[in-house]
Amino acid sequence: MEEILNDEKVYMPAVAMRGLVCFPGLIMHFDVARESSVRAVEESVKKDRMIFLTAQKDVYVENPKEEDLYKIGVVAEIRQTLKTPDNVMRVLVEGAYRAKITGFIEEDGMIKCAVRKLSNYSRFKPDPVEQTAIMRSIKDTFDRYSDLMPRMPRELVASILCQDDPYKLFENIVYNMNFEFQEKQEMLEESNIIRRLGMLYVSLVHEVKVLELEKQIHDEVKDNLDQNQREYYLREQMRVISSELGEDDGQEEAYDYIDRINALHLSEENTEKLVKEAERLMKMSSSSQEAFVTRNYLDTVLDLPWNKSTKSKLDIKKAAKILDKDHYGMKKVKDRILESIAVHGLMPEVTGQIICLVGPPGVGKTSIGRSIAKSLGRNYVRVSLGGVRDESDIRGHRKTYVGSMPGRIMNAMKIAGTNNPLILFDEIDKMGNDFRGDPASAMLEVLDSEQNKEFRDHYIEIPFDLSKVMFVTTANTTDTIPAPLLDRMELIELTSYTREEKFHIAKEHLIPKQIKKHGLKGTQIKINDGVIYELIDFYTKESGVRNLERVIASLCRKAAKAIVSGDAKKVTFTEKNLKSYLGARKYLPDEKAENNEVGVVNGLAWTSVGGVLMPLEVLVLDGKGNIETTGSLGDVMKESAKIAVSYVRSVADKYNISKDFYKEKDIHIHAPEGAVPKDGPSAGVTMTTALVSALSGMPVRSDVAMTGEITLHGKVLPIGGLREKTMAAYKAGLKTVIVPEANRSDIDEIDDVVKSSLEFVYASELETVLDTALCKDSVTVTS
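Residues numbered from 1 in each chain as written. Predicted model: local features only at pLDDT ≥ 70, side-chain atom pairs only at ≥ 80, totals over all residues. Heavy atoms only, no water.

Chemist: Could you give me a rundown of the sheet that holds strand S16 (residues 627-630), with the residues and numbers involved?
Modeler: Judged by pairing direction, the sheet is mixed, and its 7 strands sit side by side in the order S16-S17-S15-S14-S18-S21-S22 without closing on themselves. At either margin of the open sheet sits one strand with a lone partner, and together these are S16 and strand S22 (759-763). Here the average twist between neighbouring strands, direction ignored, is 30°. Contacts between helix H23 (residues 684-696) and the sheet are confined to strand S14 (600-607), strand S15 (610-622), strand S17 (665-670) and strand S18 (704-706), with S15 contributing the most and set at about 35° to the helix. With respect to the sheet, helix H24 (residues 722-731) is in contact with S14, S15, S18, strand S21 (736-740) and S22, its orientation differing from that of S15 by roughly 75°. (Pairing = 2+ DSSP bridges. Helix = DSSP H or I, 4+ residues; strand = E, 2+ residues; numbered from the N terminus. Axes fitted to C-alpha atoms, helices over the stretch in contact; angles between N-to-C directions. Contact = heavy atoms within 4.5 Å.)

Spelled out as C-alpha cells, the structure:
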C-alpha cells in the first residue's frame, strides 16, 4: 500500500514522457516537441517551476489521454530550459517526490493533472539479513555487468561496490543504467526498498545475460574478421615483395583470380581446388606455357554461370499464345510444354524434364525448341550432335593436353550465361562411336536428372549442377538411339504435316516471312489460296515444309524481278499463271478409280511424306491356282495376299464364288507405281475386297477408300498413320473411308475439315467392309 502524506490535491502542468521515467532526486534532461508538452513546460516556468512527469504506456500515441498514462509519476522542478533552432525545447529537471494522478484535464492546449503526493519510500523496516543478501547479489551481478561494459566509469563502479546504504545503492545503479522504461516504472511504483532491490536484481541478471550473448557473437565475428585480415595483410606483404622483385603482374593476376573465386561462393571443396590453381600462378613465370594453360582454365571455370539464373515465366495463357504464334498445329508438343509450366508453378524444385521430339525432316522440331525457351522465359542454346563420334566432344579434354577445351555441354552453359537455360540437342540419333569412345554413353549422365546434379567435365574437373537445365532433343528416328539413352527421354512423335496444315503454315508463316525477307510489301505481291494448294499438291512432296518455303521464295524472287525491272507494280499469282512462273507440274495427282470397276479398289497407304492413295488391282485368269504379286510388294503384303485368298475361300458360297477357284484360276495382284517399294499389313482389307470383287463380278464403289489389317477369320485389326491416310482420301475427293473399329479413338486427331468432308465407316469384321464397298446390284459375269 502507498503511504499518503496529505489529502490536498495539487493541479499542475503535466508532460507525458515517451520511453523515459524520472525518479525523486534524479537530475535528467529531455527534449519536448509536442505542442501540449511545450505549453506545459512554459506554464510551469511562469509559475513555480514545478511540473508533473509520468510515462506513456505506448510511446507511439501522439495525443495521450488519461488511460494512456501510468498513474504514478514524479513531480519535478525545472532547472533550465533551452529552445533549439528547430523548435525543440530541451529541459533540465530534478525529481522532487512521487505523486499519483487523481484527476486529468486538457486545458489551454496542455495536459494538467491533479496529483496526490506519495512518500518516496515506505516506513517499513527491512530485515537486515535479507537486505544484506540482496545487496550482495546486486553488487556481484553489477560487477559482472561492469566487466561486460568497458565504458563504465571506474569511479561509479567503485562507489556502487562500496555502498552500504540500500537506498543509495538502488539510486546509483538505476540512475546510471539504461533499463527498459517499463521496468523502471515498476520500480518507481514500488515503495518497499527490498522489493525495489529485488526488481533491480532481476533486471540486472537479464542485462548480464544479454551482454554475455552479445559478447559471444562479437567474439565469433571478430575471429572470422581477424583471420580474413591476417590473410589480407599477408597478401599485401607478398604484393609489396613481388613488386620489389619485378613480379608484380603475376601476383596481381593471381590475387584477382582468388577474389573472383571467393565471390562465386562455391562449396568449400571447389573453392579450395580453384584457389590452389590460382596460387600456382604466383610461382610461375607469367610468360610460361604452364601459366597460359592455368589462366585459360581459370577463365573458363569463372565464366560459367554458377549462380546466375533467369526467372521462369509461369503465365500459361501467354506461353500458349507464343507457341501458337510461332507454330501451327503440334498440339501434343504444346500441351506437354504447358503442362511443364504448370508443374513448375506448383513445384519449382521439380527437375528432370527431358523431351525428345521424333519426326521426319522439316516438320519444325528444331525451331520449336526456340519457341519453348521463349515461352518459358529461358535462354536458348542449340547443340548439334550430328556426326559426333568422340566422347571428349561431350565431356571435354583433360587440361593437361595441348589444345584442350571443355565439352559441348559446358560450352553451351557458358554461351547461355545462366544455370537454367533450355539446351536443344539436335540430331541425337546421328551420333556415332569409334575407338575414341561412345558419346551416347557420355550423354547418359547428362540426360539423367538423378546424376546430372554433379556433372563432371574432364576439363572443368569440378562438379557442375545441370539439374536446373531443361533438355530438349530431336531425332528423325529412334532406331539408332541406344536403349538406355532412349529410356531417359520422354518421346513425343511429330508426324508429317497434312495438306491443311501445310496450307495454314504457308499462309500464316512462310509467305509473310519470305515477302519480308525479299524486301517486298504486301501490296506488291499476292498469292491466292488456290496457288498454295497447287504448290503443296503438284510442286512439292515432303513431310515438312522446307521445299514449300523454297518454292514460295522462288515466287517472291520472280515478283521482285518483275517489279524492279518495271514490268509490273504488283504481281498476282493464280492457278492459271502459276505454270508460266514455275514450269510444268512436278508431281501428278494420286491414281484413283474413276468409275465403279470390278477388281479395282482404292487403298490408303502411309509414307514418310504423308498419306497417299494406292489403288489395288486384281485380275482373275484361267490357270492352275497360281498367285502372282507385282508392284514391288514386300513380304508382309505378300502374306496379306495369301490370307485374303484363304478368307475368300471360306466365304465363297456367300458371294457366289466357285469353290474351286484356287485350283482353276490364276490370281494376279498389282499395285501401280511398280518402282516404289510397298509393304505393311494395312492393305489386307483392300486385297480381300479386290479379290471378292474380281471373283464374284461385283464392282467396287469408286468413291470409297479403305485401310486395315485382316485375320484368317475375317477380323479387321487397327493400323497406324490414320491421320495422313484420311487426308489423302480427302485430297482425292473421295466420300467414304472404311477404317478399323479399333481406330475410332484416333479420329479426334484428324483435321476438322477432313472429318466434316468424309463419311467414316468403322469395321470390326470384313463383312462390314464388303457390304459397304461392293455394288451388289451390279454383277459382271466373268468367264
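Chemist: Describe the side chain of Arg499, naming the residues involved and giving the relevant values.
Modeler: Relative to the helices and strands, Arg499 is located in helix H17 (residues 499-517). Engagement of the side chain of Arg499 in a polar contact is seen with the side chain of Asp537, the distance being 2.8 Å. Sequence-distant contacts of Arg499, defined by excluding residues within four places in its chain, comprise Tyr533, Ile536, Asp537, Met727, Tyr730 and Lys731. (Polar contact = N/O pair within 3.5 Å; in protein donor to acceptor, adjacent residues only side chain to side chain.)

Chemist: So what about the packing of aromatic side chains? Which residues, and what values?
Modeler: Tallying each qualifying case throughout the model produces 10 aromatic pairs. When the centroid spacing of 4.5 Å and the interplanar angle of 0° are considered together, the rings of Phe503 and Tyr533 count as stacked. In this pair, Phe503 sits in helix H17 while Tyr533 sits in helix H18 (residues 529-539), placing the two residues 30 residues apart along the sequence. In this pair, the class of Phe503 matches that of Tyr533, namely buried. Geometrically, the ring pair formed by Phe661 and Tyr662 is edge-to-face, given 6.2 Å between the ring centres and 90° between the ring planes. Its relative accessible area of 28% is what places Tyr662 among the partly exposed residues. Cluster of aromatic residues (ring-pair linked, three or more members): Phe23, Phe170 and Tyr175. (Phe/Tyr/Trp six-rings, centres within 6.5 Å; stacked < 30°, edge-to-face > 60°. Buried < 20%, exposed > 50% of the residue type's maximum accessible area, 1.4 Å probe, protein only.)

Chemist: If you had to explain helix H19 (residues 546-564) to someone new, which residues and values would you point to?
Modeler: For H19, built from 19 residues, the straight-helix expectation of 27 Å at 1.5 Å per residue is met to within 8% by its first-to-last C-alpha distance of 27 Å. Two residues or fewer past H19, Gly566 is found with a positive phi of approximately 85°. (Expected span 1.5 Å × (residues − 1).)

Chemist: Got a sec to walk through unusual backbone geometry? Specific residues and values, please.
Modeler: At His265, a position not held by glycine, the phi torsion is positive, near 55°. Looking at the element boundaries, His265 is found in the loop between helix H7 (248-264) and helix H8 (268-282). At Glu461, a residue that is not glycine, the phi angle is positive and equals roughly 75°. The residue Glu461 is located in the loop between helix H15 (439-446) and strand S10 (470-475) in this model. What makes Glu461 partly exposed here is its relative accessible area of 27%.

Chemist: Now, about the pattern of salt bridges: what can you tell me, with residues and values included?
Modeler: Following the criterion strictly, the structure yields 38 salt bridges and no others. A salt bridge links Arg408 to Asp393, with the nearest nitrogen and oxygen atoms 3.9 Å apart. Taken together, the residues span a long stretch of sequence, with Arg408 in helix H14 (residues 408-416) and Asp393 in helix H13 (residues 392-395) at a distance of 15 residues. Given a relative accessible area of 30%, Arg408 falls into the partly exposed group. Taken together, the shared-partner salt bridges connect Lys273, Glu277, Arg280 and Glu461 into one network. (Salt bridge = Lys/Arg side-chain N within 4 Å of Asp/Glu carboxyl O.)

Chemist: Explain the pairing of S22 to me, using residue names and the numbers behind them.
Modeler: Of the pairings in the sheet, the one linking S21 to S22 comprises 5 bridges and is parallel in character. Its bridge partner lying in S22, Val739 is registered against Tyr762. For the crossover from S21 across helix H25 (residues 752-757) to S22, the handedness is right-handed. (Right-handed = clockwise from strand over helix to strand, strands pointing away.)

Chemist: Let's hear about the nonpolar core: which residues, and what values?
Modeler: Soluble globular proteins tend to bury their nonpolar side chains together. Among the nonpolar cores identified, the biggest contains 54 residues, and Phe425, Ile428, Leu447 and Leu466 are the most heavily contacted of them. The biggest single contributor to this core is H7, with 6 residues. If we ignore the near neighbours within four places in the chain, the residues touching Leu466 are Ile409, Met410, Met413, Val446, Asn452, Lys453, Phe455 and Phe471. Within the second largest apolar cluster, 52 residues are counted, among which are Leu338, Ile525, Val545 and Leu548. (Core = buried A, V, L, I, M, F, W, Y, C linked by side-chain atoms within 4.5 Å.)

Chemist: Any details on the packing of H18 against H19? Residues and values, ideally.
Modeler: It is the contact of H18 with H19, at a shortest axis distance of 10 Å, that shows an interaxial angle of 125°. By the criterion of interaxial angle, the relationship of H18 to H19 is oblique. The handedness of the crossing between H18 and H19 comes out as right-handed. Counting all contacts with H18, which are made through Leu535, Ile536 and Tyr539, the residues of H19 involved are Leu548, Val551, Ile552 and Leu555. Here the contact of H18 with H19 is built from residues that sort into 7 nonpolar, no polar and no charged. (Parallel < 35°, antiparallel > 145°, perpendicular 65-115°, else oblique. Left-handed = near helix turned anticlockwise from the far one by under 90°. Nonpolar A, V, L, I, M, F, W, Y, C, P; charged D, E, K, R; others polar.)

It is worth stressing that arrangement in space is one thing and function is another; only the former is reported here.
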